[in-house]
Amino acid sequence: MYVQRVDIQLDVTAPTSASLVMSSLPHSRVGSPAPNGPFLQFPKPFLHPNVSRLRSPAPSTESPHAQAINSVSPSPSQISEISRTSSPSTGNNGLLIGQEREVFRWSSLRSAGSHLYNQKPAKASSVLGDIIGGSPMVLAANGFICVGTDKGRIFVFDFKQSLKCICGSDSSGSILGPVSAVALSNDHTFVASGHTTGYIQLFNLKNPEVAARTVTPVTLAAITSGRQEGHLSGSRIISISFVAGRHTAVVSADEHGLSFYHSLGKVLFVDASDTIRIFGNYHGEDAPEASISGHPAGPLSQQNALNRTSFRRRRRPHNTILAMSTLPLGPLPHSTDAYQIAALLTPTKLVVVGLQPTPKTWLKIMRDEEQLSFPAYRRRGCLAWFPSVEDIFTEKLDKTMGKKNVKDGKRSQRTPTHPVLSYSWGSHVYLLRVHEQKIKQTVLNSRTGKTNEVEVGTLVFEEAGKWMMDDAVLAIQWLNVNQMAIFTASTLSIYDVHGMKIVEAVRFDSPSLVSPSLGSTGNGSVSYSDSVRDIAHSIRTYKGKLFLLGRQELLVGTLLSWADRILSFVEQGDFLSAIDLTRTYYTGEAPGNRNGLPEDPEERQIVIADKIHDLMVASSRYAFSEDRMTDGTHASLDGRGVDRTSLFEDLVATCARACIALDDFDFLFEELFQQYENAGIYRMFLHQLEPFVLNGSIPSVPPRITQRLVALHEEDGRPDLAERIIWHIEPSCLDINQAINLCRTHQLWDALVYVYTRALRDYVSPIIESLALIRSLQQNPAPTDTIIKNTYKIYSYLATVLCGKIYPSQEPMEPDEASFAKRDVYSFVFCGHSTVWPAEGGNLVLTSQDESGMEPTYPYARLLLRFDAESFLDCLDMAFEDSYLHDFPDMSRLMIVRILLDIMSSEDLSPSDATFMNIFIARNVPKYPHHIEVAPSILHNILIALATQPEVETREDRQLAAEYLLSVYTPHDGDRILQLFEDAGFYRILRSRYRHELRWGPLLTAFLHDPELRSSEIFSGLEEAIASSARDNKKQVPGDVINTLAISLDQLLLADVLATASLLDKHAPQLHETALQRPPLSDDRDQFVYLNHLIPDSEYDQYSTTPSPPTRINSRLRHHFVSLQCRFSPSSVISVLKRLQDGIDWPTALGICEEAGAYDAVIWALNYTGQPREALSKADTFEKQLTLDLARTLASPAPGSTESVNKYLNDLQAIGRRGISVCMEHSSSSSPAEVPLEDIWYQLLASQIHTVQTLSACCSTGKGSDAGLESEVLSTLRAIVQETFASLVSVSSTQAVSFPRLFKRLVDPAIHSGTTGILYAEFRTILTGMLESYRTDGDMLIISKHLIDRDVFDSVELYAKEKMRGWAPSCGVCSSCGRTLLPSQADVEGVQIRLSRTGTIYHLRCSALDS
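Residues numbered from 1 in each chain as written. Predicted model: local features only at pLDDT ≥ 70, side-chain atom pairs only at ≥ 80, totals over all residues. Heavy atoms only, no water.

1. Quick word on the overall build of the protein chain
Along the backbone of the protein chain there are 49 helices and 35 strands. The 1411 residues of the protein chain split such that 49% are buried. Accessible area of the protein chain: about 67900 Å², with a carbon and sulfur share of 52%. (Helix = DSSP H or I, 4+ residues; strand = E, 2+ residues; numbered from the N terminus. Buried < 20%, exposed > 50% of the residue type's maximum accessible area, 1.4 Å probe, protein only. Areas by Shrake-Rupley, 256 points an atom, 1.4 Å probe, with all protein chains shown as cover.)

2. A look at the sheet that holds strand 10 (residues 190-195)
Pairing is antiparallel across the open sheet formed by four strands, whose spatial order is 9-10-11-12. Each end of this open sheet is capped by a strand with a single partner; those strands are strand 9 (179-184) and strand 12 (213-215). Strand-to-strand, the axes of this sheet are offset by a mean angle of 15°, without reference to chain direction. In this structure, strand 11 (residues 200-204) lies alongside strand 12, joined through three bridges in antiparallel fashion. Considered in strand 12, the bridge of Leu202 is made with Arg213. (Pairing = 2+ DSSP bridges. Axes fitted to C-alpha atoms, helices over the stretch in contact; angles between N-to-C directions.)

3. Thoughts on empty space enclosed by the protein
A complete count under the given rule lists seven cavities of 30 Å³ or more for this structure. Lining the second largest cavity are Glu1183, Leu1212, Gln1248, Thr1251, Val1252, Leu1277, Ile1280 and Val1281. Grouping the constituent residues of the lining of the second largest cavity by class yields five nonpolar, two polar and one charged. (1 Å grid on protein atoms, 1.4 Å probe; cavity = no way out; pocket = protein on both sides within 12 Å on 5 of 7 lines; lining within 4 Å. Points joined across faces, edges and corners; volume = space filled by probe spheres on them. Nonpolar A, V, L, I, M, F, W, Y, C, P; charged D, E, K, R; others polar.)

4. A look at helix 31 (residues 987-997)
Here helix 31 has its buried residues at Tyr987, Ile989, Leu990, Arg991 and Tyr994. Residues of helix 31 that are buried in the fold lie against helix 29 (955-966), helix 30 (974-984) and helix 32 (1000-1009). Positive backbone phi, approximately 60°, marks Leu998, located one or two places after helix 31. (Contact = heavy atoms within 4.5 Å.)

5. Focus on the pattern of salt bridges
This model, assessed by the stated rule, comprises 37 salt bridges. For Arg988, the salt bridge identified is with Glu963, shortest N-O distance 2.9 Å. Placement of Arg988 in helix 31 and of Glu963 in helix 29 is noted, with a sequence separation of 25 residues between them. Connected through salt bridges with shared partners, the residues Asp580, Arg583 and Arg657 form a single ionic network. (Salt bridge = Lys/Arg side-chain N within 4 Å of Asp/Glu carboxyl O.)

6. Remarks on the packing of aromatic side chains
All told, the structure shown has 38 aromatic pairs when counted by the stated rule. Taken together, a centroid distance of 5.2 Å and an interplanar angle of 25° make the contact between Tyr423 and Tyr430 stacked. Seen in terms of ring centroids, Phe880 and Tyr928 are 6.1 Å apart; in terms of plane orientation they differ by 75°. Their pairing is edge-to-face. With Phe880 in helix 24 (residues 869-880) and Tyr928 in the loop between helix 27 (911-927) and helix 28 (936-948), this residue pair connects regions lying 48 residues apart in the sequence. Connected via pairs of aromatic rings, a cluster forms that spans Phe624, Phe648, Phe673, Tyr676 and Phe685. Just above the ring of Phe820 sits the side chain of Arg761; from NZ or CZ to the centre is 4.3 Å. Across the ring face of Tyr928, the terminal group of Arg893 is positioned such that the distance to the ring centre comes to 4.5 Å. (Phe/Tyr/Trp six-rings, centres within 6.5 Å; stacked < 30°, edge-to-face > 60°. Lys NZ or Arg CZ within 6 Å of the ring centre and 35° of its normal.)

7. As for a negative patch on the surface
Taken together, Asp663, Asp664, Asp666 and Glu671 make up a surface patch of like negative charges. Along the chain, Glu671 falls in helix 14 (residues 666-679). (Patch = residues over 30% accessible without salt bridge, like charges linked within 9 Å, V, L, I, M, F, W, Y side chains within 5 Å. Lys, Arg positive; Asp, Glu negative; His and termini not counted. Charge placed at Lys NZ, Arg CZ, Asp CG, Glu CD.)

8. Re the pairing of strand 22 (residues 420-425)
The element strand 22 is extensively covered by neighbouring structure, given that six of its six residues are classed as buried. As paired strands, strand 21 (residues 381-386) and strand 22 are joined by six bridges and run antiparallel to one another. Directly across from Ala384, in strand 22, lies its bridge partner Ser422. Inspection of the sheet shows strand 22 paired to strand 23 (residues 428-444) by six bridges, in the antiparallel sense. Pairing of Val420 across the sheet is with Arg433, part of strand 23. Where strand 22 hands over to strand 23, the hairpin turn is made up of two residues, of which Gly426 adopts a positive phi near 60°.

9. Some points on the packing of helix 21 (residues 785-802) against helix 22 (residues 815-829)
At a closest axis distance of 9 Å, the pairing of helix 21 and helix 22 adopts a crossing angle of 135°. Judged by the angle between their axes, helix 21 and helix 22 are oblique. On the side of helix 21, the interface is formed by Leu798, Val801 and Leu802, while helix 22 contributes Ala821, Lys822, Val825, Tyr826 and Val829. Grouping the amino acids of the contact of helix 21 with helix 22 by side-chain chemistry returns seven nonpolar, no polar and one charged. (Parallel < 35°, antiparallel > 145°, perpendicular 65-115°, else oblique.)

10. Digging into the confidence of the model for the protein chain
Scored by pLDDT, the protein chain has a mean of 79; 80% of the residues are at 70 or more. Within the model, the stretch residues 633-637 combines pLDDT values under 50 with 11 contacts to residues more than four positions away or in other chains. (pLDDT = per-residue confidence, 0-100.)

11. Considerations on helix 34 (residues 1039-1047)
For helix 34, the complete set of buried residues consists of Val1041, Ile1042, Thr1044 and Leu1045. The buried residues of helix 34 occupy an angular sector of 160° when the element is viewed end-on, so they sit on one face. Residues of helix 34 that are buried sit in contact with helix 32, helix 33 (1015-1032), helix 35 (1049-1055) and helix 36 (1057-1067). (Arc of directions from axis to C-beta.)

12. Thoughts on the nonpolar core
Formed by 180 residues in total, the largest nonpolar core has its most connected members in Leu798, Val829, Phe830, Phe872, Tyr1090, Leu1137 and Trp1241. Ranked by the residues each element gives to this core, the list is headed by helix 45 (residues 1237-1260), at 12 residues. Leave out the neighbours within four places in its chain, and Leu1137 touches Val1122, Ile1144, Trp1146, Ala1149, Cys1153, Ala1161 and Trp1164. Counting residues in each nonpolar core, the second largest holds 66 residues, with Phe648, Phe685, Val710 and Trp727 among its members. (Core = buried A, V, L, I, M, F, W, Y, C linked by side-chain atoms within 4.5 Å.)

See the structure below:
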């Protein structure tokens, strides 16, 4: 493996100063996980079937349901508590961040730091002769620890912190300047340094005082003349790296974005340096950025794998190189080593070049445009290579096959992994995997002219993953082949490449590390905020160790493995946390990294299992050690001698969880329990063990511990808790005698059944126990509720067992177990005589109350029937559905039915019990006709018994059973049976029979007499029956049906008046008059509702289904309805007359309306019949009469006169508006000559003016006492006249009406003799009001016009301003092609147009063609 152990000799033990750099993120504490598992449920005691299967279908209540018993979770340990939090960067569950768990173990290299830090002043060093080293600047750590300083020196330490050498001298350092980049060769013999002045030096560690090679910066003049290439003088070298395994070949990059390849060889002892620019441009140079010719080459798979943004060139400011690194050599050779690959990262792209065999650019990846939109992340980037190592699978194969290969003298070929490049832009991190692919190319031989196919290697890059951090990434380093250390400004995260997730994260203080660019902040070339984050040169990894170059100290950190974390708890004495943590590693739930553990779960569990056991043993020994038991921690203040600290309590819970994970409980129940028992605190052990038993995590407990656990609750007086233990424990673990005695003593029926059935496989003893309870109930007149509940549970038990399920959990039994249980239960319950149980050494089970009494036949089934026949038969009804009774030779459905008939024949059952037995047999005979064959005489007796039982509450159940029985049996005396059914109220059966025999009259009677039917069901049934009778009788309703309806009218009307009206109107309209004479419709209001339902489109008609118009009611009923309408809804009389116009006598109807005071209806009717003059004459007569009545009321006010006045006014308004309607109708007709329009308008106005004149004269006398009421009356009447005049004006353009002549006739004194003054006054008042009204309307029109004009002006002004904004085109066509800009309205969105500030407009596509 490439990752090896690095032994670093440390001179300190306490990593105290490491806290300056590393601290843990805040965390949230949670308790130890409660034992997992479902909560088991108990059913409630079976009291009585709420809905029996023998009952008829009805809305049923819920069946006996389960009662949840909340199990108690083990209390969380207060010493052993594992924090579980989530990573803030990835959100992965289980990531531990916090001080409670140590992720890295940091140590300060103080011996090495003594040479780097706390330097004496330069003057003191010169006097004392010490070396002036300077402050540390950059770090390299691979083979040696190399630290460059600001004095141009390089300190080289080994991993024992011994100073190997110091590269450089005081004189050279003053010239070269501070070291800004340092690198160590692959074989650890040469050190390369880059300086802030642009110099590059190469040191041989055998002779470190003098540089073996020196690359001096060049001048701009030398570059422009083409004589030299290299870094300009004063350019800070930001990165330097050795190429592959060479000593004299390095790649460097500076702060100005230039990168060079230096081959620093010698020829005949003379320097023969060769420098090639591989990336970047000199200032002012317009050449392409990289001087290496060629393009990114590779197969199509490479382009598909690197699907990034396009290679479009972007204009940008002066560029720089963010990071540069060459691919180092790994422990195994790889095909990519020959290419000498170097990766360069800029703010906009990643470039990968190969230096051999010829320099070539192999890959270029452009950065996403979205990432460049964040200025803070724009110049943040870093990269790191991980070389080829041995594949883990191959390594495992070598280990397993090693011995065989040694014997055979063979060695398996070691397969290397592909190198991986990790790089980041901002907060985005990417992985690239590179390998070589051979492709065949055809090569032309220039000498021979022949072509040959040769294999040519090409580099293929595949994207291996990408993710995003919460903040910009400042540095990336590989810890091993599967883990990377990713640094942000505040967090150090460990990323698992295989799992693609963050596995560790701790706080990280980036300003505490050295920044090599901090000195450049003085001249403004680098901002301070960017400089303090330039820490990539202060972070290095080597063989799993992490080296940090801090401002105060040099640190080395190790990522703790699983064993380290466990050992840290053990060293602190926290065994419980160690056990819990080891358990989580065993189950795969452990957070954080799993370094050192196999990936395969089975292999991992094999490694961890022994560790868990050893930790549990050590924990128990520590807890019960002599020192622990005798020191002060074991005493308590109350003097009980045993403390209840979390150590003793949580030791049980922690070991229990570990044993559950291991599925091995020997330690828990043998060693640990014995220690608690010896110490006298076994109750503590039992209390902590109980929650695991209740939630099912530990179902099997040794009997001796189970016995103690049950006795614990019994001693505490909590038998309910003891019952829970019995329920949740494996039956084989119980002390049977203890459990049975406990259940009997405390009447724990369910637990007793569980013990009998699951522990002893005895399914009969629970029945015997219940029979004993039944006998005790018969003898005890005042039983307790508990005894009653437990007694009724026998029926639930029988139903469950006979259906092949476990009581009371309802889980299915195994087939063999179910057959065994059913056989025993059937054999015992239906045994014909008393029997002994158990069969060997048992007692005789008796049922009689007297011990010396006579035992009846089938004693057990008889006793169960007598106690509750319905419940017992309900159980049998469910059991009959089971297939067991098909094959069991000793018991069948027929045998059970015969036994029941035999018991019923003894006549010692109550009538109710006999009824349920008949129901049971009647319902099951049709269900199983091939298995239950009963004689017809028995079926006949059962049918008669069902019909003759007097119990009303079981009538529906008996009827349903009779229906079942009639499906397979036809009685011979049908008429007698039908009479019995009629007496019993079996109307559903009767309806089916009558419908089958076409007896329609009795069928209607069966519908009407059935008390179970709702009114809607009655009428829908009657509708269907009557329609069927009419179809059977030549579409005529038979007379017997009519007679039945006539006889049942009272019942129908009491059920639903409207439904009765619809039914009669559809099938028997001749019964309408009879129905209206019946007592239910004696009230006029009810008659109105009845008739109104037959007239659609009425306000009272909400559910009418009567066809329109109504033709099924005679004229007398119509006239009667008109009179009722005038009384109860006079406003709708006209609409009713419209609906009834074809079937009424108009003089009679007019008389009815006039008598009832429906004056507007009379006027409408006369006009409708072609008598408009007579209609207006009637209106005049009505107005005069109402005027006189109104005048009398005003003249002699009395209590309630206001209501009378309002009524008169409403009538006058209705008459006036109806008169206006008549005049308007004839004024707008096409033949106005038929009716003299001027005469009818004069007649209407004269009558209205007369009314106003009369009442005005009456009010002017002052006899009335209410002036306000008089004023209201006059204003209302004048408004009527104004409304009439307004209507007249609207038709005054007609030549038939002359307004002046009409006005003259109205004011003619010859006509109105003696009232001229009053008449003129009234005309003046009316006309003035009309003019005021017109003036008001005119004012409103003027105001509206002004408002509209203002809105229009504002809109137009806004439109003009908007139109003036922007650049106006000079024409409406394209200036390039001359075509219309928008060919059609549909192409608006698809056409792109460009407009210049000069007014030139053209299509965007035409602009592209021109350019």
